[in-house]
Amino acid sequence: MSAQATPATSGKETPKGAWTITFLLFLFMLVNFADKIVVGLAGVPIMTDLKLEPEQFGLLGSSFFFLFSISAIVVGFIVNKVPTRWVLLVLAIIWAVAQFPMVGTVSFTTLLICRIILGAGEGPAFSVAAHAIYKWFPDEKRTLPTAILSQGSAFGVILAVPALNWIIVNHSWHYAFGALGVVGLIWVSAWLALGKEGPLESNHPSMVAEPKIPYLHLLTSRTFIGCCAATFGAYWALSLGLTWFTPFIIKGLGFSQKDAGWISVLPWVFGATIVILAGWISQVMMARGSTTRVARGVLGSVPLVLGGCILAMMPYANSPGLQIAFLVVGSGLCGAIYVVCPPMLGEFTPVSQRGAVIAIYGAIYTLAGMIAPSVMGSVIQRAGSTHDGYMTGFTINAVVMVASGLLGLLLLWPNTEKARLARSVPAQADALKRAVLPT
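Residues numbered from 1 in each chain as written. Predicted model: local features only at pLDDT ≥ 70, side-chain atom pairs only at ≥ 80, totals over all residues. Heavy atoms only, no water.

(A) Region of interest: the overall build of the protein chain. Summing up its helical and strand segments, the protein chain has 22 helices and zero strands in all. A compact globule built from 439 residues would reach a C-alpha radius of gyration of about 22 Å, and the protein chain, at 21 Å, matches this within 12%. Along the first, second and third principal axes, the C-alpha set of the protein chain runs to 65 × 45 × 35 Å. With 439 residues in all, the protein chain has 59% of them scored as buried. Residue pairs at least 24 apart in sequence account for 85% of intrachain contacts in the protein chain once pairs closer than 6 positions are excluded. Distance from the positive charge centre (25 side chains) to the negative charge centre (16 side chains) of the protein chain: 7 Å. (Helix = DSSP H or I, 4+ residues; strand = E, 2+ residues; numbered from the N terminus. Rg over C-alpha atoms; globule rule 2.2 N^0.38 Å. Buried < 20%, exposed > 50% of the residue type's maximum accessible area, 1.4 Å probe, protein only. Contact = heavy atoms within 4.5 Å. Lys, Arg positive; Asp, Glu negative; His and termini not counted. Charge placed at Lys NZ, Arg CZ, Asp CG, Glu CD.)

Printed below as a string of structure tokens:
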């Protein structure tokens, strides 16, 4: 049997252990998003104890993303050379260590610095995890594992919020950070015992011979730009949810901290459903012959436009329940784009450059996380009332989502991107087609 036909290298069969690694990386993202959500969940107690204005709390939410994009790019290039197994381990250790200073008495400055360090450790998380998973699954089988990986974020909130909120209500917000540090160390132990590097691609003849495409060509391709634009809008909504959803429930709508705990889970439950459905539908559509333009590009962009339109209806809702429903459904529909963009980038990016390209994509769209919380804080502080400030902030979110979804519909053409890039490097065109295009 030839090298191309062996199960380990054919790119058509899933190696043994792939789903174990997928589950571990699902837990990796679960811890990741539990770390993200804790500041928003404890927002009101933190603002009360540290006497913070909305602008200061918005800065705290944005601070998490100050080094997020930079570290994502740096680590993205590192994983082109270093096994993802060890990179993931180091990232998880940083997360755990960054939580423990908050257990004791803490100033705003200390909290700010720890969030910046945590953001630097978490910036590369999804990109590195996706790159690691793609070493276990061939292209046509990547959408569902990507959906499961993305669900770590939703379940990180769904499972962590009740537990963390119980700690906040019955003990202190300080101990919620400590609990997350302990959980992070538990994941580190599990990964040390079970984590492995994927067998696909690393020794594949096509990877050994594949030509490099200039990064300028990859990063200026319309599909790369479309992925960044579309996911930027989705991440604007996500970062607002992480930082401002629980304070909105308490200060904007008048619910208690205890009630806000279970209400804060609702967008993530709905979002989890959307992500799993999007991953399954995309894979079914591709199995039935749909182009990736439709099964990935259109499928991911349309929910963004629809979600933005629903979110824009919030200011016109006449009850807290209806406002929560619009916010849950509108922001939850964003999840589909996270499932389809990394596989689209993987379609036309050479394997040896994929880690960096996915990381740069992540670094660009997560800039929304640095902007959105601060914008919301400024809008709330300058509004006539707290509730009006929230409504204006969510309306801005709606506009961003609709615009990003429309850009996605316009720019996402992954099925034609490979051939176009091949033509852009004439001297390497034949080799590129052999290495990247399916036979």
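(B) Molecular detail of empty space enclosed by the protein. Per the counting criterion, the structure on display carries four cavities of 30 Å³ or more. Considered as a void within the structure, the largest cavity measures approximately 530 Å³ in volume. Around the largest cavity sit 38 residues that line it, and F33, S153, L238, W268 and Y338 are the ones nearest its centre. Those elements that place two or more of their residues in the lining of the largest cavity are α1 (18-41), α7 (125-133), α8 (143-170), α12 (222-252), α14 (266-287), α16 (320-332), α18 (351-365) and α20 (386-411). It is α12 that contributes the most residues to the lining of the largest cavity, seven residues altogether. Split by residue class, the lining of the largest cavity holds 22 nonpolar, 14 polar and two charged. For the second largest cavity, the calculated volume is near 80 Å³. The wall of the second largest cavity is formed by K36, V39, G40, L60, G61, F64, F65, R115, S239, L242 and T243. Listing elements by their share of the lining of the second largest cavity, those giving two or more residues are α1, α3 (54-63) and α12. Looking at the lining of the second largest cavity residue by residue, the classes come out as five nonpolar, four polar and two charged. (1 Å grid on protein atoms, 1.4 Å probe; cavity = no way out; pocket = protein on both sides within 12 Å on 5 of 7 lines; lining within 4 Å. Points joined across faces, edges and corners; volume = space filled by probe spheres on them. Nonpolar A, V, L, I, M, F, W, Y, C, P; charged D, E, K, R; others polar.)

(C) The arrangement of the pattern of salt bridges in detail. For the structure on display, the rule yields five salt bridges. For the salt bridge of K36 with E122, the shortest nitrogen-to-oxygen distance reads 3.5 Å. Of this pair, K36 sits in helix α1 while E122 sits in helix α6 (residues 108-122), placing them 86 residues apart in sequence. Look at K36 and you get buried, because its relative accessible area is 6%. Overall, E122 belongs to the buried group, its relative accessible area being 1%. A salt bridge links R420 to E417; the nearest nitrogen and oxygen atoms lie 2.7 Å apart. On the criterion of helical spacing, the pair formed by R420 and E417 is a turn pair, its members being three residues apart in helix α21 (residues 414-424). When its relative accessible area of 32% is taken as the criterion, R420 is described as partly exposed. When its relative accessible area of 1% is taken as the criterion, E417 is described as buried. (Salt bridge = Lys/Arg side-chain N within 4 Å of Asp/Glu carboxyl O.)

(D) A look at the layout of surface pockets. Put simply, the second largest pocket is a space of about 240 Å³. Lining the second largest pocket are 15 residues, and of these L30, V31, A34, L180 and V183 sit closest to its centre. Elements with a minimum of two residues in the lining of the second largest pocket: α1, α8 and α9 (173-194). In terms of residues, the lining of the second largest pocket owes the most to one element, α9, which gives six residues.

(E) Expanded view of the packing of α3 against α6. For the pair α3 and α6, interaxial distance at closest approach is 8 Å and the crossing angle is 30 degrees. The angle between α3 and α6 falls in the class roughly parallel. Where α3 approaches α6, its residues Q56, L59, L60 and S63 are matched on the opposing element by F108, L111, L112, R115 and I116. Residue composition of the contact of α3 with α6, grouped by class: six nonpolar, two polar and one charged. (Axes fitted to C-alpha atoms, helices over the stretch in contact; angles between N-to-C directions. Parallel < 35°, antiparallel > 145°, perpendicular 65-115°, else oblique.)

(F) The arrangement of the packing of aromatic side chains in detail. By the definition in use, this model includes 21 aromatic pairs. Through successive ring pairs, a cluster of aromatic residues spans F64, F65, F68, Y235, Y338, Y361 and Y365. Directly above the ring of F33 sits K36, whose terminal nitrogen or CZ lies 4.3 Å from the centroid. (Phe/Tyr/Trp six-rings, centres within 6.5 Å; stacked < 30°, edge-to-face > 60°. Lys NZ or Arg CZ within 6 Å of the ring centre and 35° of its normal.)

(G) Spotlight on the packing of α12 against α16. Orientation of α12 relative to α16, taken along the N-to-C sense of each, is 165 degrees, at an axis distance of 12 Å. When the axes of α12 and α16 are compared, the pair comes out roughly antiparallel. For the pair α12 and α16, the sense of crossing is left-handed. Residues A237, F245, F248 and I249 of α12 touch α16, and the partners they reach there are Q323, I324, L327 and S331. Here the residues of the contact of α12 with α16 are counted per class, giving six nonpolar, two polar and no charged. (Left-handed = near helix turned anticlockwise from the far one by under 90°.)

(H) Local environment of the confidence of the model for the protein chain. Per-residue confidence for the protein chain gives a mean pLDDT of 85; residues scoring 70 or more make up 91%. In this model, residues 435-439 is a region of pLDDT below 50 whose contacts with residues beyond four sequence positions or in other chains number nine contacts. (pLDDT = per-residue confidence, 0-100.)

(I) Representation of α16 in the model. With 13 residues, α16 extends 18 Å between its outermost C-alpha atoms, agreeing within 8% with the 18 Å of an ideal straight helix rising 1.5 Å per residue. Those residues of α16 lying buried are Q323, I324, F326, L327, V328, G330, S331 and G332. Lining the buried residues of α16 we find α12, α13 (257-263), α14, α15 (292-311) and α20. (Expected span 1.5 Å × (residues − 1).)

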